[in-house]
Amino acid sequence: MAAGFFLATSISFVPRIAAQGPPARAVVPKASKAPARPKLVVLLVVDQMRGDYVDKFLGQWTGGLKRLVEEGAWFRDAAYPYAATETCVGHATISTGAFPATHGMVANAWWDRQDQKMVTCTADPDPNVKNIGYAGATPKGADTAWRMAVPSFAEELKFQTSGATRIVTFSLKARAAITMAGHRADAATWFDGGAWVTSTAYGTLPFIEEQAKSRPAKADFGKTWSLSLPASAYWYGEKALGAVPPDGWDLTFPHPLRGKTAVGEPDNTFYEQWASSPYADTAMTELAERAVDALKLGNSNGTDFLAVSYSSVDYVGHEFGPRSREIQDILVRLDKDLGNLFAHLDQKVGRGNYVVALSADHGVVPIPEDMQQAGADAGVLHLPELQERIDKSLEPFNYAKPAVARISGSDIYFAPGVYEKLQQDRAALQAVFDTALAQPGVAALYRAEDLRDRPATQSPAHRAFAYSYFPGRSGDLFILPKPYWLMDGTPLGKPRSYGTGHGVPYNYDQHVPVLLMGFGIQPGQYFQAITPADIAPTFAALCGITLSSRDGHVLAEALMKPRSFSSPPRTAAAQAVKTNP
Ligand SMILES: [Zn+2]
């Protein structure tokens, strides 16, 4: 399948023949016997795409998602093995091939014990770093991958090969664009305050500036997101039960992108609506296509890297839940965008010259009110209430208030010195456990010291917390909620500002699609249990490089046998395409 590229590269390596002397026969140097490599590696992450969305909605797709399933390798039992199923964690895992206990990105944000404040996974305190904007934007903050403890696949590719690799990533979220790229990149671009931005750790590219000016998000102001299929094609009711839509939107279609007031200029509400609509996915697809054109990705001597994390499915899922027409429709639109992207890559890079992986950073739990309606044991685990009760439980034991510094997701952080004292104070620690386990929705509580060293002889839930544990950054105690109980940090007495969420070690958050297609990939359906940490090692195997982490493994079952990619029979590519997975 890569024979054309293989020959072309070999010829370019042939030394120039001297003008004097007898004509020499062109000798193909030994280097040309190395296996061919993909010209371009494409990583696609659909933020919050549950694994079962493929099974449910495949029949309605006609574009890129359908093509990935039919022409690619579909891993049907792919799941994160760890507990902290959040965006920064998932993207770093896909990017590095390591679990959070290794790469250190343990959450979107965690409690910084030194500074006694929350920090985001990409916030960089280096005063020499700052975020910069395209098209005149002036973003706040400074975001880099400095907290990611191992290099990304893309960084390793550039470092271990000739250095010709170009690294370009896009997402609406900094924590996705940055972790997919790594510590340095030609461009890592995200969306903030209505503009495309990056930081001084990364390069800026003229084509992004041009696109930011000629095709800004505000060009979609006044558009309307309507259903793209006949109403009868949708699985769920008009109104998702328990949904919390963005300001300015009703619970039912159509959803207008007109901001808060519906008149005048684009405001912050408009940008929230835009990010929660298929228009943001289309804008990122266009940016990816411009990157291919402007940089001629896939047409250099090296292997280039292009990554896009589609964030809008996540926003829509948080607002409307997984059982909504909104989720179904935005996937129909994304399928079309991806179809366009693959057609563009076919044309500019060549079918079979690039390899694609598509996955997700985590899934999502159904909206608790929706699940309760179905009769299930589901509910909301109120974290501020739990924090208050733990503090109260320690009063009789003479602990200064507040004893709990922060509960962030599953992680309970105590005030300085408190946990060290508790470890020596069995009665007080027992009181904390009794209190936590009495809180509605809590299934279990784990201690940090039980999670170190990731021993294999643990229950799956216990092991999941161990895979997420990074000393210094993770909490002191860890909450395992009951299945279908949503952990919620909304202050007491205030209404929830979102429908549902994710971040726990249950399959609805852990199970995601893994689809591979293109160079070196053997199409078919694969049922063995794998994790998204296997994507980077598989890319590494195709590109002939080595990753530092052994957390993931090569998906060898989905790779074409070496013979077929050194000297493929002429019909191999055609057969591969026809194979009905
Ligand atoms: Zn996410």
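On a predicted model such as this, the values are computed, not experimentally measured, just so you know.

(A) Focus on the sheet that holds strand E15 (residues 411-414). The four strands lie next to each other as E14-E15-E17-E16, forming an open sheet whose pairing is antiparallel. In the strand order of this sheet, the two ends are held by strand E14 (404-408) and strand E16 (442-447), each with one partner. When the angles between neighbouring strand axes are averaged without regard to direction, this sheet yields 20 degrees. Across four bridges, E14 lies against E15 in antiparallel orientation. Along E15, the bridge assignment pairs Val404 with Phe414. The sheet contacts of helix H14 (residues 383-393) involve E14, E15 and strand E17 (477-481), and relative to E14 the element is tilted by about 155 degrees. Along the sheet face, helix H17 (residues 460-468) touches E16 and E17 and points at about 135 degrees away from the line of E17.

(B) How the structure looks around the side chain of Asp112. As for its placement among the helices and strands, Asp112 is situated in strand E3 (residues 109-112). Arg147 is the oppositely charged side chain nearest to the buried, salt-bridge-free Asp112, at an N-O distance of 4.6 Å. What Asp112 contacts, discounting residues up to four positions off in sequence, is Lys117 and Val119.

(C) Expanded view of the side chain of Glu319. With respect to the helices and strands, the residue Glu319 is situated in helix H11 (residues 312-320). For the buried residue Glu319, which engages in no salt bridge, the nearest side chain bearing the opposite charge is Lys173, 10 Å off. Within the structure, Glu319 has its side chain in polar contact with the side chain of Ser276 (distance 2.9 Å). Setting aside anything within four residues of it in sequence, one finds Glu319 in contact with Ala243, Val244, Pro245, Pro246, Ser276, Ile367 and Gly499.

(D) Structural view of the packing of aromatic side chains. Going through the model one piece at a time under the given rule, you end up with 23 aromatic pairs. Plain terms: the ring middles of Phe57 and Trp235 are 5.5 Å apart, the flat faces sit at 75 degrees to each other, and that makes the pair edge-to-face. Of this pair, Phe57 sits in helix H2 (residues 52-57) while Trp235 is found in the loop between strand E9 (224-225) and strand E10 (255-256), placing the two residues 178 residues apart along the sequence. Plain terms: the ring middles of Trp235 and Tyr236 are 6.2 Å apart, the flat faces sit at 55 degrees to each other, and that makes the pair tilted. Look at Trp235 and you get partly exposed, because its relative accessible area is 46%. Here Tyr236 falls in the buried class, since its relative accessible area comes to 13%. Through successive ring pairs, a cluster of aromatic residues spans Phe191, Trp196, Phe221, Phe270, Tyr271 and Trp274. In this structure, Lys421 packs its charged tip against the face of Tyr399, placed 4.1 Å from the ring centre. Note that Arg496 overlies the ring of Tyr498, its terminal NZ or CZ placed 5.9 Å from the centroid.

Conventions we followed
Per chain, the residues get numbers from 1 upward, laid out in the order the sequence is written. Local features are withheld for residues below a pLDDT of 70 in this predicted model, meaning they are given only at 70 or higher, and side-chain atom pairs are given and counted only at 80 or more; totals for whole chains, interfaces and linings count all residues. Processing note: side-chain calculations cover all non-hydrogen atoms of the structure and skip hydrogens and water entirely. When DSSP locates at least two bridges between a pair of strands, those strands are taken to pair. By the criteria applied, helices consist of DSSP H or I runs no shorter than four residues and strands consist of E runs no shorter than two, each listed in order from the N terminus. Note on definitions: angles span 0 to 180 degrees between N-to-C directions of axes, and those axes are lines fitted to C-alpha atoms, for helices only across the stretch in contact. By definition in these notes, contact holds between two residues if any of their heavy atoms fall within 4.5 Å. Accessibility here uses a 1.4 Å probe with only protein chains present; expressed as a share of the type maximum, an area under 20% marks a residue as buried, one over 50% as exposed, and anything in between as partly exposed. Positive charges come from Lys and Arg alone, negative charges from Asp and Glu alone, with His and the N- and C-terminal ends not counted. Any carboxyl oxygen of Asp or Glu within 4 Å of a side-chain nitrogen of Lys or Arg constitutes a salt bridge here. By the criterion applied in these results, polar contacts are pairs of N or O atoms within 3.5 Å in which, for protein atoms, one can donate a hydrogen and the other can accept it, and in which residues neighboring in sequence qualify only through two side-chain atoms. By convention, a stacked pair of Phe, Tyr or Trp rings (six-membered ring in the case of Trp) has centres within 6.5 Å and planes under 30 degrees apart, an edge-to-face pair has planes over 60 apart, and any other such pair is tilted. Distance and angle both matter: a charge sits over a ring if NZ of Lys or CZ of Arg is within 6 Å of the ring centre and within 35 degrees of the ring normal.

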